[in-house]
Amino acid sequence: MSDIVLDVSNLRIEFPLQGKSNKIAVNDINFQLKRGEILGIVGESGSGKSVTSLAIMGLIQNPGKIAQESSIKYYQSPEYTIDLTRLESSEWTRYRGQEIAMIFQEPMSAFNPVYTIGYQLTEAIKLHQNITQEKANQEAINLLKSVRVLKQTCPDKQAKAYLKRYPHELSGGQLQRVMIAMAISCNPTILIADEPTTALDVTVQKGILELLKGLCQDKNIAMIFISHDLGVINEVADNILVMYQGKVIEKGKKENILYSPQDPYTKGLLACRPPLHVKVDKLPTVADFLTDNQVTEASQQSDLIYQIIPHDEIESRTQEAQEKKVLLSVDKLNVEFGKSGFLGSKSNKFTAVNNMSFEVYAGETLGLVGESGCGKSTLARTILRLISAASGTISFETYEISKKSMSNKWLRNLRKNMQIVFQNPYNSLNPRLTVGQAIAEPMIIHKTQSNSKQINEIVAALLTLVGLDIDSFNRYPHEFSGGQRQRICIARALALNPRFLICDESVSALDVSVQAQVLNLLKDLQEKLKLTCIFISHDLSVVRFMSDRIMVMNQGEIVEIGDAETIINNPQEEYTKNLLDSIPQFPESLDWTSGVRT
């Protein structure tokens, strides 16, 4: 027992529901954690991963309750154990942060925006250590150097100035590193990392994973690493615990779970991740492994499509795709940001898009990849005329749409043919509108239908097309999961029968299982509706699955462009090679998936 640092036994957590029986968030969870071990906990949203970690931290809020028979034993030493479930709130101050620390998923939400990062770092240090403010500041600087936010050779003056920065002045990757510095500030015995890399670029993610592994090895820290991505878990974990609907369904050595999974759910999680070097037409989903029911009603789908788009329009789009007609052309495009100066000049000018030229053919999907800040989203918004270009031209079909003299009426007509699906489905829908109203709103604004009956019929067809019940019409966004909300956003984008669709990181915030469903839906709709798409992502595996061609961006410029097969398997530029090397390694040729992926 000398190596055991945490022993979770019979953990059961319930939340009372008004007028209903209690909601059991986790049930009968059992596992042990050894010193220096990294335990990966994997599962979809709602599986109980985060609730389990919050219970270990003593952060389950009322009215949630841990069952009386549950125990979470923390071994401060082989001879001295504490049952964390029996601690009072006042006693937790001694252990939380100092003995057991946590890295939360969303760093921007975890920091107080009105305080500097230096204040928040030193606050955590002084809470558990009896030292002066000057020593706390020096300790904070040393911590920032250890997590590679500051260079080891950084001058003291520059380092102290960095402590005076506010959270909004740092990137997502930098904030996550500062949060790691805060978590390890008191040399905890146990570190819990809850989805610490979910929204980060693959290159930043690789750095964070290497950092966490190094800290555990150097300081003999035991870590619980929570993720829905088995590829990330494969990079860091020694052992894996798989959760589904509040229960542990499989646990063991990493090699056994990844190469010889026993439970159908685990097999589904492994299989639905897009392969990087193998081209597949459709991704398996978790549901394929849990049930034999296959929903493939092709004739019904065709009827729905022709209800939304006339048959002759589909035929016209098909012919254009076969002829490789150029639908969108971008020539020498420049986008600049900065304050307006004398005679319209820009002071503190920043070039977000620099001299970009490319074409998108009718019916194709162009994948756009690059790190955060490289200009992907800026380019998308400029194409849609949501941002003005400094110079260059953008042409859609035969019309130059980058002219600043274009009238609002002309722009409104243009936007019927050009739509976008944004990254965050939670912020993309008006919480005061029902789903039916949200999807109908574009048709009402553009007056595409003559009466409300026709609008409602199209809304019903769109809901069915994206895999939602017609009963969803009168429900509100908060009643849906993230994946369902993204389906609603896709339905709304298709309401005006656009020819061109931009998907801006539209699956990056979703679980791999939900992501597979949405990707299959987008690919299916793109083919059936003959849409022309730009698919933006920092995940090359996802872009590989969706795209015919791939364009790589860095610092506002095109690094490389070509067909997907060439870019992935034979990249020419060093930047593209680095992006590919940063992707978490994952076994793609597994025997038990061969029958599913063909």
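Residues numbered from 1 in each chain as written. Predicted model: local features only at pLDDT ≥ 70, side-chain atom pairs only at ≥ 80, totals over all residues. Heavy atoms only, no water.

Engineer: Before we move on, could you go through the sheet that holds strand β9 (residues 222-227) and cite the residues and values that matter?
Structural biologist: The strands that make up a sheet are held in pairs by hydrogen bonds between backbone atoms, and each pair lies either parallel or antiparallel. Taken in spatial order, the six strands of this open sheet run β7-β8-β9-β3-β10-β11, and their pairing is mixed. Unpaired on one side and paired on the other, β7 (100-103) and β11 (247-253) mark the two borders of the sheet. In this sheet, neighbouring strand axes are inclined to one another by 15 degrees on average, regardless of whether the strands run parallel or antiparallel. In this sheet, strand β10 (residues 239-244) lies alongside strand β3 (residues 38-42) in parallel orientation, the contact comprising four bridges. Residue pairing for β10: isoleucine 41 is matched across the bridge by leucine 241. Packed on one face of the sheet, helix α7 (residues 172-183) meets β7 and β8 (190-194) and runs near 175 degrees to β7. Its contacts with the sheet place helix α8 (residues 202-219) against β3, β7, β8 and β9, and it is angled at close to 155 degrees to β9. (Pairing = 2+ DSSP bridges. Helix = DSSP H or I, 4+ residues; strand = E, 2+ residues; numbered from the N terminus. Axes fitted to C-alpha atoms, helices over the stretch in contact; angles between N-to-C directions. Contact = heavy atoms within 4.5 Å.)

Engineer: Explain unusual backbone geometry to me, and be specific about the residues and the numbers.
Structural biologist: Cis geometry marks the peptide bond from asparagine 62 to proline 63; its omega dihedral reads 10 degrees. Along the chain, proline 63 turns up in the loop between α1 (49-56) and β4 (65-66). You will see that glutamine 245, though not glycine, has its phi angle at about 50 degrees, which is positive. Position of glutamine 245 relative to the elements: it lies in the loop between β10 and β11. Residue arginine 385 is not a glycine yet carries a positive backbone phi of 65 degrees. In this structure, arginine 385 sits in the loop between α15 (376-383) and β15 (391-396).

Engineer: Lay out the pairing of β15 in plain terms, naming residues and giving numbers.
Structural biologist: Inspection of the sheet shows β15 paired to strand β16 (residues 399-400) by two bridges, in the antiparallel sense. The residue of β16 that forms the bridge with serine 395 is glutamate 400.

Engineer: Describe in detail the pattern of salt bridges, supporting the description with residues and values.
Structural biologist: Any two side chains of opposite charge can pair if their charged atoms end up close together. Scanning all chains against the criterion turns up seven salt bridges. For glutamate 14, the salt bridge goes to arginine 12, with nearest N and O atoms at 2.7 Å. Residue classification places arginine 12 among the partly exposed positions, given a relative accessible area of 22%. Across the pair glutamate 479 and arginine 475 runs a salt bridge whose closest N-O atoms are separated by 3.8 Å. The exposure class assigned to glutamate 479 is partly exposed, which follows from its relative accessible area of 38%. (Salt bridge = Lys/Arg side-chain N within 4 Å of Asp/Glu carboxyl O. Buried < 20%, exposed > 50% of the residue type's maximum accessible area, 1.4 Å probe, protein only.)

Engineer: Which residues make up the packing of aromatic side chains, and what values do they have?
Structural biologist: Evaluation of the coordinates by the stated rule reveals four aromatic pairs. With centroids separated by 6.4 Å and ring planes inclined at 80 degrees, the aromatic side chains of tyrosine 74 and tyrosine 95 adopt a geometry described as edge-to-face. Of this pair, tyrosine 74 sits in strand β5 (residues 71-77) while tyrosine 95 sits in helix α2 (residues 89-95), and the two are 21 residues apart along the sequence. Between tyrosine 115 and tyrosine 119 the ring centres are 4.6 Å apart and the planes differ by 15 degrees, which places this aromatic pair in the stacked class. Sitting over the face of the ring of phenylalanine 480, arginine 475 holds its NZ or CZ atom 4.3 Å from the ring centroid. The ring of phenylalanine 545 has lysine 523 sitting right over it, with the charged end atom 4.3 Å from the ring centre. (Phe/Tyr/Trp six-rings, centres within 6.5 Å; stacked < 30°, edge-to-face > 60°. Lys NZ or Arg CZ within 6 Å of the ring centre and 35° of its normal.)

Engineer: Go over the nonpolar core, please, and point to the residues and values.
Structural biologist: By size, the foremost hydrophobic cluster in this structure holds 114 residues, and its most contacted members are Leu144, Leu191, Phe225, Ile240, Ile439, Ile490 and Phe535. In this structure, phenylalanine 225 is in contact with Ile38, Leu39, Gly40, Ile41, Ala193, Pro196, Thr197, Leu209, Leu212, Val232, Ile233 and Val236, ignoring residues within four places of it in sequence. Counting residues in each nonpolar core, the second largest holds 33 residues, with Val51, Met57, Ile72 and Leu241 among its members. (Core = buried A, V, L, I, M, F, W, Y, C linked by side-chain atoms within 4.5 Å.)

Engineer: Please give an account of the pairing of strand β6 (residues 80-83) that cites residues and values.
Structural biologist: Pairing geometry for β5 and β6, over four bridges, is antiparallel. In the strand pairing of β6, tyrosine 74 is matched with isoleucine 82.

Engineer: Go over the sheet that holds strand β19 (residues 532-537) with me, naming the residues and quoting the values.
Structural biologist: With mixed pairing, the six strands of this open sheet are ordered in space as β17-β18-β19-β14-β20-β21. The open sheet has two edge strands with one neighbour each: β17 (418-421) and β21 (557-563). Direction aside, neighbouring strands of the sheet carry axes that sit 15 degrees apart on average. Sheet analysis places strand β14 (residues 365-369) next to strand β20 (residues 549-554), joined by four bridges and oriented parallel. Pairing of valine 369 across the sheet is with valine 552, part of β20. In the packing of helix α23 (residues 574-581) onto the sheet, the strands contacted are β20 and β21, and the crossing angle to β20 comes to about 100 degrees.

Engineer: Summarise the environment of glycine 43; cite the residues concerned and give the values.
Structural biologist: Tracing the sequence through the fold places glycine 43 in the loop between β3 and α1. Taking the C-alpha atoms as reference points, glycine 43 and threonine 266, 223 residues apart in sequence, are found 8.7 Å from one another. Excluding anything up to four places from it in sequence, glycine 43 contacts Lys49, Ser227, His228, Met243, Tyr265 and Leu269.

Engineer: Can you explain α15? Please cite residues and give values.
Structural biologist: Summarising burial for α15: six of the eight residues are buried, a large majority. For α15, the full list of buried residues reads Lys376, Thr378, Leu379, Ala380, Thr382 and Ile383.

Engineer: Provide a residue-level description of the confidence of the model for the protein, including the pertinent values.
Structural biologist: In this model, the protein carries an average pLDDT of 84, and 90% of its residues clear a pLDDT of 70 or more. Contacts for the low-pLDDT stretch residues 292-302, under 50 throughout, to residues beyond four places or in other chains number five contacts. Throughout residues 594-598 the model reports pLDDT below 50, and contacts reaching past four residues in sequence, or to other chains, amount to nine contacts. (pLDDT = per-residue confidence, 0-100.)

Engineer: Requested: an account of a nonpolar patch on the surface, with residues and values cited.
Structural biologist: Taken together, the side chains of Val114, Tyr115 and Tyr119 present a nonpolar region at the surface, about 300 Å² in accessible area. Its place among the elements puts valine 114 in the loop between α3 (107-110) and α4 (117-128). (Patch = residues over 30% accessible without salt bridge, like charges linked within 9 Å, V, L, I, M, F, W, Y side chains within 5 Å. Areas by Shrake-Rupley, 256 points an atom, 1.4 Å probe, with all protein chains shown as cover.)

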